[in-house]
Amino acid sequence: MAYRWRSRELTLPVTMVAVLTVSGCGVFAGEATSSEGASPARSSPSVTSAGTTPAEEGPSLAKEGWFGPTGPLHARVEMREVERFADRSVLRFTVTSLEDEARHAGNSFGTAAGDLLSYRIPLIDPVGGKVYHPLTDQVGTLGSKPGYYQPGVRYETVVYYPPIPAGVRTVTAITAGTAGEFTGVPVVDGTGSGGAVPPTAAPGSTPAPGTTVSWPVREPAGQVTGSVQDLYGITEGAEKTTIASGGDETVGLRTDVLFAFDSDRLTARARAVLDDVAEETREKADPGKPPILIEGHTDGKGTHAYNMALSLRRAEAVRKELQARLGGAFRYRATGKGETEPVAREGGTDDEEARAENRRVEISYRIRQPTGGSAASEATGTRADEPAAGGGRPAPFHADDGETVASRTSAKQPSGQRLRIDVKPFYRDGAYLVAVFDIVNLGRGDLGAGTGYGGDIAYIGGWYTGFSVVDPASRTVYRAVRMGPDDPRGPDDYVDPGWATFNVKPGTANRGFFYVPAPPSGVTSVTFDAGPFGKIDHVPVR
């Protein structure tokens, strides 16, 4: 089933917006002004120590890759750490150009178009199920302002984020490029001002290869905002589809399972299904944040008035059954939406399947939050809010994708072009599974619109939302993880390469990845539904 869930006014918002008013002597002032008084808005880097590299602590979190949607930059990126302060967090990383000539790659490390002179790198908490987006002002993202990358020069770079809670000790940084995700980035408590930018290099000077420099940091202009969102995992089964985050959950039940055709009387099978839903609701729903919302939906057949009435009667039937099982501890609200909010496009070649997907009853509620805080256990490396599904441990740094476990070639495109997918072992990162693969251009000709395989109307906006992962035992389908609630007005953001980089020439490969909810910890291999490449069985899970 391909569901596209709507955000609701009754559901508490899952996006936290932190608003900071910044003055000239605010928290950013120490990093926005050089000791020589030069304006940090210039694109000249500042030299830290010519010909040397600062001392490094701990293992190197480095990858090579191609970054940038047009004229991509070949570079080595090393994630250093995230420093946590009371009013912000600071991601520190370095970029070393591997090109033979100077190149300005624009938004090389962002995951969305626009804001071309900054770094838009989401930070994922894979245990808490949160995504931290960079702080922005009226101009754009706050942090280093890049210019031309000179060959062999190591560029120290910073990006600012909202404060990350004390219980979070590692995050995953998502870059748009063939290096993709950087797991296991340490989060440490910051000291002092977070480190001032060194003196600015003389205007017009060109750093020599081997030099370490720092990009200037742009001073904020006016109000500063930053967003923290829930991650939404999507799982599909034969009887229900669940979209869950750390804040709320929506369970979609097929009415073909619950009711006979054109009827609002529950079947015997429906009562068993609702037994399971009621038990799950009792365990997860927060009675202090009512209501449990039950919405009925129909397909597009029939008149609007008839569909509205039928969907309401079906929602009421489900409400009565839930209330009978859960009792008076919860409050409920049943509504009928008729055919007004389809999740699949009807009238196409798969019209019957689309109509079946649209015939559904959705049950939504706020999730009860754990008590006792989220402090980590130093002995075990776990947190109080560690999810049970998939083990919940954040992945260490994942530098090597490992051997290719399967390869498939797609049918020729209308242009005559052929592509091959080389599948790597999948691995777990907290509550999620990371699907990893290379897509190789076998010719003929350059790639056109990129290497993405977006989904249909239900999953627009993602780079690989047309792909999915299947647990062969339960036949549960795991879909791409979405950042924040569904936006019915436009495309959504997913945990994938976003506005990705790709090599276009024949014989070149592009690394792809996307996140899905992790299957149970006992699942050691899965089926990879790779869209036009077909289904690939027995993909190992690390």
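The coordinates are above.
Residue numbers run consecutively from 1 along every chain, following the written order of its sequence. The predicted origin of the model limits local features to residues at a pLDDT of at least 70 and limits the giving and counting of side-chain atom pairs to 80 or more, whereas totals for whole chains, interfaces and linings rest on all residues. Side-chain numbers come from the whole structure's heavy atoms, not from hydrogens or water.

*Asks:* A description of the overall build of the protein chain should follow, citing residues and the corresponding values.
*Replies:* Secondary structure summary: the protein chain contains five helices and 29 strands in total. Here's how the labels work: a residue is buried when its accessible area is under 20% of the maximum for its type, exposed when over 50%, partly exposed in between, all with a 1.4 Å probe on protein chains only. Across the 542 residues that make up the protein chain, the buried fraction comes to 54%. Contacts are residue-level and defined by heavy atoms, with any inter-residue pair within 4.5 Å sufficient. Contacts spanning at least 24 positions in sequence make up 72% of the contacts within the protein chain whose residues lie at least 6 apart. Only the protein chains shown count as covering a residue, and every accessible area follows the Shrake-Rupley method with a 1.4 Å probe. Accessible surface, the protein chain as shown: approximately 22000 Å² in total, 52% of it carbon and sulfur. Labels follow the DSSP assignment, with helices taken as runs of H or I lasting at least four residues and strands as runs of E lasting at least two, numbered in each case from the N terminus.

*Asks:* Outline unusual backbone geometry, supporting the account with residue identities and numerical values.
*Replies:* With omega at 0 degrees, the peptide bond leading from Pro-290 into Pro-291 counts as cis. Examined against the element boundaries, Pro-291 turns out to sit in the loop between helix H3 (268-284) and strand S15 (292-297). In the Ramachandran plot, Arg-475 falls in the positive-phi region, its phi being about 65 degrees despite a non-glycine side chain. Mapping Arg-475 onto the fold places it in the loop between strand S24 (468-470) and strand S25 (477-483). Of note, His-538 is a non-glycine position whose phi angle comes to about 60 degrees, a positive value. Inspection of the secondary structure assignment puts His-538 in strand S29 (residues 535-540). Note on His-538: relative accessible area 67%, which makes it exposed.

*Asks:* I'd like a description of the nonpolar core, backed by residues and values.
*Replies:* The tendency in soluble globular proteins is for nonpolar side chains to be buried side by side. Only buried residues count toward a nonpolar core. Its members are Ala, Val, Leu, Ile, Met, Phe, Trp, Tyr and Cys residues joined through side-chain atoms within 4.5 Å. Of all hydrophobic cores here, the largest spans 33 residues; its most connected members are Ile-421, Phe-426, Phe-467, Phe-514 and Phe-528. Looking at this core, the elements with two or more residues in it are strand S12 (223-236), strand S21 (418-423), strand S23 (432-443), S25, strand S27 (509-517), strand S28 (525-529) and S29. By residue number, the principal contributor to this core is S23, which donates four residues. When near neighbours in sequence (up to four residues on either side) are disregarded, Phe-426 contacts Leu-433, Val-434, Ala-435, Val-436, Val-469, Val-526, Phe-528, Val-539, Pro-540, Val-541 and Arg-542. If you look at the next biggest cluster of nonpolar residues, it comprises 31 residues, including Val-77, Phe-109, Tyr-119 and Val-159.

*Asks:* Could you give an account of the packing of aromatic side chains, naming the residues involved and the relevant values?
*Replies:* For this analysis, a ring pair means two rings from Phe, Tyr or Trp (six-membered ring only for Trp) whose centres lie within 6.5 Å, classed as stacked if their planes differ by under 30 degrees, edge-to-face if by over 60, and tilted for the remaining angles. Scanning the model with the defined rule gives 17 aromatic pairs in all. Ring plane angle 20 degrees and centroid distance 5.2 Å describe the contact between Tyr-453 and Phe-467, whose orientation is recorded as stacked. Here the residue Tyr-453 occupies a position in the loop between S23 and S24, and Phe-467 occupies one in the loop between S23 and S24, the gap between them amounting to 14 residues. For the ring pair Phe-467 and Phe-528, a centre distance of 5.5 Å and an interplane angle of 85 degrees mean the geometry is edge-to-face. In this pair, Phe-467 sits in the loop between S23 and S24 while Phe-528 sits in strand S28, placing the two residues 61 residues apart along the sequence. Two conditions define a charge sitting above a ring: the NZ of Lys or the CZ of Arg must be within 6 Å of the ring centre, and it must be within 35 degrees of the ring normal. Note that Arg-482 overlies the ring of Tyr-232, its terminal NZ or CZ placed 5.1 Å from the centroid.

*Asks:* Which residues make up the environment of Thr-96, and what values do they have?
*Replies:* Structurally, the position occupied by Thr-96 is in strand S5 (residues 89-97). Under the relative-accessibility criterion, Thr-96 is labelled buried at 14%. On a C-alpha basis, the gap between Thr-96 and Pro-209 in space is 9.6 Å, while along the polypeptide they are 113 residues apart. If sequence neighbours within four positions are ignored, Thr-96 has contacts with His-74, Ala-75, Arg-76, Gly-152, Val-153 and Arg-154.

*Asks:* Explain the pattern of salt bridges to me, using residue names and the numbers behind them.
*Replies:* A pair is scored as a salt bridge if a Lys or Arg side-chain nitrogen falls within 4 Å of a carboxyl oxygen belonging to Asp or Glu. In this structure the tally under the stated criterion is 30 salt bridges. Its salt-bridge partner being Arg-154, residue Glu-156 comes within 3.3 Å of it at the nearest N-O pair. Comparing Glu-156 with Arg-154, the two get one shared label, buried. Notably, a salt bridge pairs Glu-321 with Arg-325, separated by 2.5 Å at the nearest N-O pair. Residue Glu-321 and its partner Arg-325 are located together in helix H4 (residues 304-326), separated by four residues, close to a single helical turn. Here the salt bridges share partners, and the residues they tie into one network are Arg-76, Glu-78, Arg-80, Arg-154 and Glu-156.

*Asks:* A description of H4 should follow, citing residues and the corresponding values.
*Replies:* To estimate how far a helix should reach, multiply one less than its number of residues by 1.5 Å. Taking 1.5 Å as the rise per residue, H4 with 23 residues should run 33 Å; its terminal C-alpha atoms sit 32 Å apart, in good agreement. The inward-facing, buried residues of H4 contact helix H2 (255-258), H3, S15, strand S16 (332-336) and strand S17 (360-366). Looking one or two residues beyond H4, the residue adopting positive phi is Gly-327, at roughly 80 degrees.

*Asks:* So what's going on with the pairing of S28? Which residues, and what values?
*Replies:* Two strands are counted as paired when DSSP detects at least two bridges linking them. Where S24 lies against S28, three bridges are found, and the strand directions are antiparallel. For Val-469, the partnering residue across the bridge sits in S28 and is Phe-528. Here four bridges tie S28 to S29, and the two strands are oriented antiparallel to one another. Looking at S29, one finds that Phe-528 is bridged to Ile-536. From the end of S28 to the start of S29, which pair antiparallel, there are five residues, and Gly-531 there has a positive phi angle of about 60 degrees.

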